[in-house]
Amino acid sequence: MKPFLILPLSVGLLASAAPGAVPASNELLRAATSRPWPGEAYPTLPSLSTEMRGLVRNQIDSSKHIRAAYEKLDAAKRRNVEWFEGVAELEQEKAVWCLLSCLCHPHEDVQIHALRGLERLRDKRAVPFLLLYADYMAVFEAGSENATIHGIIHESAAKTLSELTGVRVSVQGQDPDGLKNGIKKWRKWLVDQQKAD
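Residues numbered from 1 in each chain as written. Predicted model: local features only at pLDDT ≥ 70, side-chain atom pairs only at ≥ 80, totals over all residues. Heavy atoms only, no water.

Broken down by element type, the protein carries 10 helices and 0 strands. Relative to its 197 residues, the protein shows a buried fraction of 42%. The long-range fraction of contacts in the protein, counting pairs at least 24 apart against all pairs at least 6 apart in sequence, stands at 67%. Accessible area of the protein: about 11,100 Å², with a carbon and sulfur share of 55%. (Helix = DSSP H or I, 4+ residues; strand = E, 2+ residues; numbered from the N terminus. Buried < 20%, exposed > 50% of the residue type's maximum accessible area, 1.4 Å probe, protein only. Contact = heavy atoms within 4.5 Å. Areas by Shrake-Rupley, 256 points an atom, 1.4 Å probe, with all protein chains shown as cover.)

Below, the structure is given as structure tokens:
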């Protein structure tokens, strides 16, 4: 009887690995959040919790449009133009969890596009992970191009959190201290909201 149980399982495994097979949502998530080139990310990006991974996978599995958009985020196999299209399509679909996972994409420009999309969506459920992301980003980065991009991340994170919480904090360029001060205010807002609920 055991050979009969093993055979269907092995056929199922072969089918999922077959060319043209639809990639599983966890594979799409891994492709969008894994660094395909050598070296380490600076600053380090936050990790997605098990709960957050589940929310992202559920959102990918809930819609063929969201799945198609998320497939464009593959950091190793797709180009920046496709990444930006994918982020814009996720915003159109109001896929807040998928957009939040874009903050873990290894390319900073994708993170900036995702921050701006989250600002426009105004979904307050994004605040806890945005706070975590902002905390990771609240460091100084040297180098002219890297510093400029990192400054845009600081400004975009502050603008997005200000929009979602109504607690206005203005950050100009790289300003780790200004961002940290904002994080304290936004965390207080979050705690007050949780108490009210």
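So, about the environment of L164. The residue L164 is located in helix α9 (residues 144–165) in this model. On the basis of relative accessibility, which here comes to 0%, the residue L164 falls in the buried class. Between the alpha carbons of L164 and L118 there is a distance of 8.8 Å; along the sequence they are 46 residues apart. Apart from residues no more than four positions distant in its own chain, L164 is found in contact with L118, R122, D123, K124, A126, V127, L130 and W189.

Attention shifts here to the nonpolar core. Grouped together as the largest cluster of nonpolar side chains are 51 residues, with contacts concentrated most on Y70, L73, L90, L100, L103 and L130. Those residues in contact with Y70 that lie beyond four places of it in its chain are L28, L29, A32, T33, V56, I60, L90, C98 and S101. (Core = buried A, V, L, I, M, F, W, Y, C linked by side-chain atoms within 4.5 Å.)

With that out of the way, let us pick up helix α3 (residues 50–62). Its 13 residues give α3 an end-to-end C-alpha distance of 18 Å, which sits within 8% of 18 Å, the value for a rise of 1.5 Å per residue. Within α3, the full set of buried residues consists of M52, G54, V56, Q59 and I60. Buried residues in α3 make contact with α2 (25–33), α4 (64–71), α6 (96–101) and α8 (127–137). (Expected span 1.5 Å × (residues − 1).)

Our focus in this paragraph is the pattern of salt bridges. One side chain can pair with another of opposite charge once the charged atoms of both are near each other. By the definition in use, this model includes 11 salt bridges. Close ionic contact of R125 with D123 constitutes a salt bridge, the shortest N to O distance being 2.7 Å. For R125, a relative accessible area of 46% gives the class partly exposed. One connected set of salt bridges, linked through shared partners, spans K72, E85 and E89. (Salt bridge = Lys/Arg side-chain N within 4 Å of Asp/Glu carboxyl O.)

In this section: unusual backbone geometry. In this structure, P43 follows Y42 across a cis peptide bond, with omega equal to -5 degrees. Here the phi dihedral of K94 falls at roughly 55 degrees; this positive angle occurs in a residue that is not glycine. For K94, the location among the structural elements is in the loop between α5 (80–92) and α6.

We now examine the side chain of S162. Along the chain, the position of S162 falls in helix α9. Taking relative accessible area as the criterion, S162 reaches 4% and is therefore assigned buried. Each residue touching S162, except ones within four places of it in the same chain, is listed here: V167, R168, V169 and W186.

What follows concerns the packing of α4 against α5. Where α4 meets α5, the closest approach of the two axes is 7 Å, and the angle between their N-to-C directions is 155 degrees. Judged by the inter-axis angle, α4 sits roughly antiparallel to α5. You can see that α4 and α5 cross each other, and the crossing is left-handed. Of the residues in α5, those touching α4 at I66, A69 and Y70 are G86, E89 and L90. (Axes fitted to C-alpha atoms, helices over the stretch in contact; angles between N-to-C directions. Parallel < 35°, antiparallel > 145°, perpendicular 65-115°, else oblique. Left-handed = near helix turned anticlockwise from the far one by under 90°.)

Within the secondary structure layout, E108 lies in helix α7 (residues 108–121). When neighbours within four sequence positions are excluded, E108 is seen to be in contact with I149 and I153.

When α2 is considered as a whole, its buried residues turn out to be S25, L28, L29 and A32. The arc enclosing the buried residues of α2, seen along the axis, measures out at 100 degrees, which places them on a common side. Its buried side turned inward, α2 meets α3, α4 and α6. (Arc of directions from axis to C-beta.)

Geometry only, nothing functional implied.
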